[in-house]
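Residue-level listing of the chains:
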Amino acid sequence: MTTPFPETMDFNGYNAPSRVECDVFDLVVEGNLPAEINGSWYQCAPDPQYPPMLGQDTYLSGDGMVRLLRFQDGHVDLKQRYIRTQRFKNERHARRSLHGLYRNPYTDDPSVRGQGRGANNTTPIFHGGRLLALKEDSRAVEVHPETLETIGDWDYRGRLRSETMTAHTRLDPETGELYFFGYEASGLASRDVAFCVADANGELTREEWFQVPYCSMMHDFAVSREHVIFPVFPTTADLDRIKKGGPHWIWEPGKDSFVGIMPRAGTVSDMRWFRGPARSAYHFMNAHTEGNRVHLDFGCGNVNPFPFIREAGGIQVRPEEMKGNFVRWTFDLSKRGETWDEQILGPSGDLPRIAEKDFMKAYQVGYYQAFDPEVGPPLIAGPVGAGFNTILRLKVASGELKRLPMDQRSTAQEHAHIPSRVPGHEGYLLFLVDRHDEFLSEAFIVEAEHLDRGPIARVKIPLRLRVGVHGNWVPAAALRQVV
Ligand SMILES: [Fe+2]
């Protein structure tokens, strides 16, 4: 017998675990689906099989579910499967949760000590002919891009030394190389970071280790054509605390933020460190280098957005005290000193995405999400609490904004960008919409340049897809080469 899930934000309402593996063919489509949209959209979602062993847990611990919306000649099919991680298999065998606190193996059931506990629930990427499910606390798991069956752990043919691989990799669209890193590379709470590159065929070509000033939850990084940028914000880990059964992460606003910048043509020994006050960010829109100046664009906050991480650090923050902006930090490598300049580009927000053609270089347009209280009251959706209810298109040079608000009963999940083959066309955004009134999901397709006009096509999904984390679009032509 399985007990109920806790009645907390992480497990209730739209955040209730789904635990549904399914195939639904020929979803109903309203509107006009452009014929050029052919390919697969993959998304990872945390979706716990069992209620937490310790009675409480965070959304982020859930077993990895990977979902696929396949667009083929005007038809859209849905497939959703659990990733068969070691964690998943152990728990299914025991018919209960065997893992304790988020990323604290010292709180696990003795029967699984020393075994893999990665949930691989954050990002699916397609690179080198492989679909990889990623979460930053462990290595990748390979999943079949058509059947979504789990193939197994992926460690670059035994070559990757880092024990972890970030869920936020950076593709170089000119070379096909994948830039990534792993923090806590040598184990829990270690200060070791592995900087890695895989070539277009998915073979590991670089792995260089360096140390950060303190162990930080380094969720993302950024790469320009000339530089690699590693921001370090004070969400920190401590091995003694973890060994005593405490939280892996706490927010420590008394510590400074650091940003390490190295030339791509150099090595990690060329890293230069910049230093500033405590800030928090999880995702970076883009970076580009202009002469001696390196620009980094992102949604920047004054506190960690996750309540369980703030509260573990003893920090109580009312929502109105959480401040942020969408900013550009500029680092002038020709000057001495540790500081950077900040320019405000737009209102606070997160989940930034740009067109793949613009990765790593100067660009005009980006898209990100925000919670706008004028659109409607907060609706619980996803890991940080209130889901986003507005998608923004930002022209970074002028600050011009276009907005697509959801209705009062809906939240948006992360959008992916789909390029268009039509010259001058800005492409499309694809994202799930959580319908809190119907307890169902839809997928919206909007024209990226005209997102304020609303969806040109809506794909109706006859069930609730638990809020996912990140997704990526893979064109059909890229998949045909391997499937
Ligand atoms: Fe992320």
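In case you missed it, the structure is sitting above this.
Overview of the structure. (Residues numbered from 1 in each chain as written. Predicted model: local features only at pLDDT ≥ 70, side-chain atom pairs only at ≥ 80, totals over all residues. Heavy atoms only, no water.)

A word on the layout of surface pockets
Of the pockets and cavities examined, the second largest pocket occupies roughly 1200 Å³. Taken together, 48 residues make up the lining of the second largest pocket; nearest its centre are Leu171, Glu356, Phe359, Asn472 and Trp473. Only strand S6 (123–127), strand S10 (170–171), strand S14 (222–223), strand S20 (284–290), strand S24 (350–353), strand S29 (416–418) and strand S33 (471–475) provide two or more residues apiece to the lining of the second largest pocket. Top element by residues in the lining of the second largest pocket is S33. It accounts for 5 residues. Residues that form the lining of the second largest pocket fall into these classes: 24 nonpolar, 16 polar and 8 charged. (1 Å grid on protein atoms, 1.4 Å probe; cavity = no way out; pocket = protein on both sides within 12 Å on 5 of 7 lines; lining within 4 Å. Points joined across faces, edges and corners; volume = space filled by probe spheres on them. Helix = DSSP H or I, 4+ residues; strand = E, 2+ residues; numbered from the N terminus. Nonpolar A, V, L, I, M, F, W, Y, C, P; charged D, E, K, R; others polar.)

So, the coordination of the iron ion
On the protein side, the iron ion has His168 (NE2), His219 (NE2), His283 (NE2) and His470 (NE2) as donor atoms, found 1.9 to 2.1 Å from it. Read in sequence order, the donor residues coordinating the iron ion give the pattern H-x50-H-x63-H-x186-H. Placement of the pair is His283 in the loop between strand S19 (272–276) and S20 and His470 in the loop between strand S32 (457–461) and S33, with a sequence separation of 187 residues. In this structure His283 comes out as buried when scored by relative accessible area, which is 9%. (Donors = N, O, S within 2.8 Å, 3.2 Å for Na, K, Ca; no water. Buried < 20%, exposed > 50% of the residue type's maximum accessible area, 1.4 Å probe, protein only.)

A closer look at the nonpolar core
Of all hydrophobic cores here, the largest spans 35 residues; its most connected members are Phe195, Phe210, Met218, Phe230 and Trp249. Listed by contribution, the elements that provide at least two residues to this core are strand S11 (178–183), strand S12 (192–198), strand S15 (227–232) and strand S18 (257–263). Here Phe210 is in contact with Arg191, Asp192, Val193, Phe195, Phe230, Val268, Met271 and Trp273, once residues within four sequence places are set aside. Listed in part, the 22 residues of the second largest apolar core include Leu78, Leu432, Ala443 and Trp473. (Core = buried A, V, L, I, M, F, W, Y, C linked by side-chain atoms within 4.5 Å. Contact = heavy atoms within 4.5 Å.)

Some details on empty space enclosed by the protein
Within this structure, the stated rule accounts for 5 cavities of 30 Å³ or more. Put simply, the largest cavity is a space of about 110 Å³. For the largest cavity, the lining is made up of 14 residues, of which Pro48, Tyr50, Asp57, Ser61 and Arg87 are closest to its centre. In terms of residue class, the lining of the largest cavity is built from 5 nonpolar, 5 polar and 4 charged.

Focus on the sheet that holds S12
Here we have 4 strands laid out as an open sheet, ordered S10-S11-S12-S13, and antiparallel in their pairing. Each edge of the open sheet carries a strand with a single partner, namely S10 and strand S13 (204–211). Sheet topology places S12 next to S13; 7 bridges connect them, and they run antiparallel. Within the sheet, the bridge partner assigned to Ala194 lies in S13 and is Trp209. (Pairing = 2+ DSSP bridges.)

Looking at unusual backbone geometry
The residue Tyr156 is not glycine, and still its phi comes out positive at about 55°. Among the secondary structure elements, Tyr156 is positioned in the loop between strand S9 (150–154) and S10. The class for Tyr156 is buried, based on a relative accessible area of 3%. One non-glycine residue with positive phi stands out, namely Met360, at about 75°. With respect to the secondary-structure elements, Met360 resides in the loop between S24 and strand S25 (365–370).

Topic: the sheet that holds strand S27 (residues 401–405)
Reading across the sheet, the 4 strands line up as S24-S25-S26-S27 and stay open at both edges, with antiparallel pairing between neighbours. At either margin of the open sheet sits one strand with a lone partner, and together these are S24 and S27. The average angle at which neighbouring strand axes cross in this sheet is 20°, direction not considered. Relative to S27, strand S26 (residues 390–395) is paired through 5 bridges, and the arrangement is antiparallel. (Axes fitted to C-alpha atoms, helices over the stretch in contact; angles between N-to-C directions.)

Brief notes about the packing of aromatic side chains
Aromatic ring pairs are described here by two measures, namely the spacing of the ring centres and the angle between the planes. Enumeration according to the criterion identifies 26 aromatic pairs in this entry. Geometrically, the ring pair formed by Phe298 and Trp329 is edge-to-face, given 4.8 Å between the ring centres and 85° between the ring planes. Placement of Phe298 in strand S21 (residues 293–301) and of Trp329 in strand S22 (residues 324–332) is noted, with a sequence separation of 31 residues between them. Under the relative-accessibility criterion, Phe298 is labelled buried at 0%. By relative accessible area, Trp329 is classed as buried at 1%. (Phe/Tyr/Trp six-rings, centres within 6.5 Å; stacked < 30°, edge-to-face > 60°.)

Here's the deal with the pattern of salt bridges
Counted by the stated rule, this structure contains 27 salt bridges. Of the charged contacts in the structure, one is a salt bridge between Asp256 and Arg275, with a shortest N-O distance of 2.7 Å. Placement of the pair is Asp256 in the loop between strand S17 (250–251) and S18 and Arg275 in strand S19, with a sequence separation of 19 residues. What makes Arg275 partly exposed here is its relative accessible area of 38%. Ionic pairing is found between Glu442 and Lys460, a salt bridge with its closest N-O pair at 3.1 Å. Remark: Lys460 occurs in strand S32 and Glu442 occurs in strand S31 (residues 440–447); sequence separation between them is 18 residues. According to the relative accessible area criterion, Glu442 is buried, its value standing at 2%. What makes Lys460 partly exposed here is its relative accessible area of 25%. Sharing partners across several salt bridges, the network here consists of Asp407, Arg409, Arg435, Asp437, Glu442, Arg458 and Lys460. (Salt bridge = Lys/Arg side-chain N within 4 Å of Asp/Glu carboxyl O.)

Comments concerning helix H1 (residues 86–94)
Of the positions making up H1, those classed as buried are Arg87, Phe88, Asn90 and Glu91. Projected down its long axis, H1 carries its buried residues within an arc of 165°, all on one side. Here the buried face of H1 lies against strand S5 (75–82). After H1 finishes, the residue Arg95 shows a positive phi value of roughly 60°. (Arc of directions from axis to C-beta.)

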